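The primary structure of each chain is shown beneath.
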Amino acid sequence: MAGPRLCSSHLSMESGVGTAPTPRGLPYYVAFSQLLGLTVVAMTGAWLGLYRGGIAWESTLQFNVHPLCMVIGLVFLQGDALLVYRVFRNEAKRTTKVLHGLLHVFAFIIALVGLVAVFDYHKKEGYADLYSLHSWCGILVFILYFVQWLVGFSFFLFPGASFSLRSCYRPQHIFFGAAIFLLSVGTALLGLKEALLFKLGTKYSTFAPEGVLANILGLLLACFGVVVLYILTRADWKRPPQAEEQALSMDFKTLTEGDSPSSQ
């Protein structure tokens, strides 16, 4: 009985369906998010270069590797990884999954470099670790991010999870992806404020140039997070299912679980 359904599914897949049109407004919001994200990365570098002496690994400037890597990895690249399914709407689902996963891998590696930098710097200078709210939130975000990627890989890229299991986990994966991104932005804001208070102290309240620049950076960080989340939560901007995905999903359910189209 599975044979005719398989043949009809592949015939419908071969007949093809026109590519889904890009929703109005989506390209502009995506472009705006990229402008914000690149500006945030550039301003972080400018802040560290103008007021913190730049970055270097084998010196007291090692600490500055931390904020730059975290902004690039856990804010900018993580946000872009979340937008993959909105930008690549008509490409093969497998290709989109791989790109989504790779961007998260790059983000994780860069964030790991930033994490090693701050712990190594604290060790060299004799500073305490993990005592501030920023550090607690940062470790939590990093662990959650790693677990999220690991579980996502196991369910969606590794060929082992059943169709029903993937379907049950997908809403949790989407929710925790957005939640971890939001926590990452919030943790970056906490770290920015902490860095300003440590260095500027009471001068922060006198509108010191570094404080003003960092405040603008913080606003841009928040705006980037809001724009990315807005794009993700627009139901009409979600990636439409392709004919190939619908056919393969139906065939997979038929072969592995005995489901039929008429039973749903």
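Residues numbered from 1 in each chain as written. Predicted model: local features only at pLDDT ≥ 70, side-chain atom pairs only at ≥ 80, totals over all residues. Heavy atoms only, no water.

Comments concerning unusual backbone geometry
The phi torsion of most residues other than glycine is negative, and most of the peptide bonds are trans. A positive phi is found at Leu-130, a non-glycine position, where the angle reads about 55 degrees. Within the secondary structure, Leu-130 is located in the loop between α4 (93-125) and α5 (133-157). Residue class for Leu-130 comes out partly exposed when judged on its relative accessible area of 40%. The backbone of Phe-207 sits at a positive phi, close to 60 degrees, despite the residue not being glycine. Position of Phe-207 among the secondary structure elements: in the loop between α6 (163-200) and α7 (209-233). Of the residues examined, Phe-207 reaches a relative accessible area of 69% and is grouped as exposed. (Helix = DSSP H or I, 4+ residues; strand = E, 2+ residues; numbered from the N terminus. Buried < 20%, exposed > 50% of the residue type's maximum accessible area, 1.4 Å probe, protein only.)

Observations regarding the layout of surface pockets
Empty space within the second largest pocket amounts to approximately 890 Å³. Lining the second largest pocket are 41 residues, with Phe-63, His-66, Val-118, His-134 and Glu-194 positioned closest to its centre. Contributing elements (two or more residues each) for the lining of the second largest pocket: α2 (26-51), α3 (65-87), α4, α5, α6 and α7. If you tally residues by element for the lining of the second largest pocket, the top one is α6, at 9 residues. Within the lining of the second largest pocket, the residues separate by chemical class into 25 nonpolar, 12 polar and 4 charged. (1 Å grid on protein atoms, 1.4 Å probe; cavity = no way out; pocket = protein on both sides within 12 Å on 5 of 7 lines; lining within 4 Å. Points joined across faces, edges and corners; volume = space filled by probe spheres on them. Nonpolar A, V, L, I, M, F, W, Y, C, P; charged D, E, K, R; others polar.)

Regarding the confidence of the model for the protein chain
Within the protein chain, residue pLDDT values average 88, and 85% of them lie at 70 or more. Low pLDDT, under 50, characterises residues 1-17; the predicted model gives this stretch 15 contacts beyond four residues in sequence or across chains. Per-residue pLDDT stays below 50 along residues 255-264; that stretch engages in 14 contacts with residues further than four places along the chain or on separate chains. (pLDDT = per-residue confidence, 0-100. Contact = heavy atoms within 4.5 Å.)

Brief notes about the packing of aromatic side chains
Inspection of every chain in the model, using the stated rule, returns 15 aromatic pairs. Both rings, one in Trp-149 and one in Phe-153, keep their centres 5.4 Å apart while their planes meet at 15 degrees; by these two values the pair is stacked. Within this pair, Trp-149 and its partner Phe-153 are both found in helix α5, separated by 4 residues, close to a single helical turn. Overall, Phe-153 belongs to the partly exposed group, its relative accessible area being 33%. Measuring from ring centre to ring centre gives 5.8 Å for Tyr-230 and Trp-237, while their planes differ by 85 degrees; the resulting arrangement is edge-to-face. Owing to a relative accessible area of 31%, Tyr-230 belongs among the partly exposed residues under this scheme. An aromatic cluster is present here, built from Tyr-29, Tyr-230 and Trp-237 joined pairwise through their rings. We note Arg-234 situated over the ring of Trp-237; from NZ or CZ to the ring centre the distance is 4.1 Å. (Phe/Tyr/Trp six-rings, centres within 6.5 Å; stacked < 30°, edge-to-face > 60°. Lys NZ or Arg CZ within 6 Å of the ring centre and 35° of its normal.)

Considering the packing of α3 against α6
In the contact formed by α3 and α6, the axes pass within 10 Å of each other and the chain directions differ by 160 degrees. If you check the angle between α3 and α6, you find them roughly antiparallel. As for the relative orientation of α3 and α6, their crossing is left-handed in sense. Listed contacts from α6 to Leu-74, Val-75, Gln-78, Gly-79 and Leu-82 of α3 are Gly-177, Ile-180, Phe-181, Ser-184, Val-185 and Ala-188. (Axes fitted to C-alpha atoms, helices over the stretch in contact; angles between N-to-C directions. Parallel < 35°, antiparallel > 145°, perpendicular 65-115°, else oblique. Left-handed = near helix turned anticlockwise from the far one by under 90°.)

Observations concerning the environment of Tyr-127
By the secondary structure assignment, Tyr-127 is in the loop between α4 and α5. In this structure Tyr-127 touches Tyr-121 and His-122, once residues within four positions along its chain are discounted.

Describing the pattern of salt bridges
Tallied over the full model, the rule gives 5 salt bridges. In this structure, Lys-124 and Asp-120 form a salt bridge, with 3.3 Å as the shortest nitrogen-oxygen distance. Of this pair, Lys-124 and Asp-120 both sit in helix α4, 4 residues apart, which is roughly one turn of that helix. The exposure class of Lys-124 is partly exposed, given its relative accessible area of 45%. Judged by relative accessible area, Asp-120 falls into the partly exposed class, the value being 24%. Ionic pairing is found between Arg-234 and Asp-236, a salt bridge with its closest N-O pair at 2.8 Å. For Asp-236, a relative accessible area of 46% translates into the label partly exposed. (Salt bridge = Lys/Arg side-chain N within 4 Å of Asp/Glu carboxyl O.)

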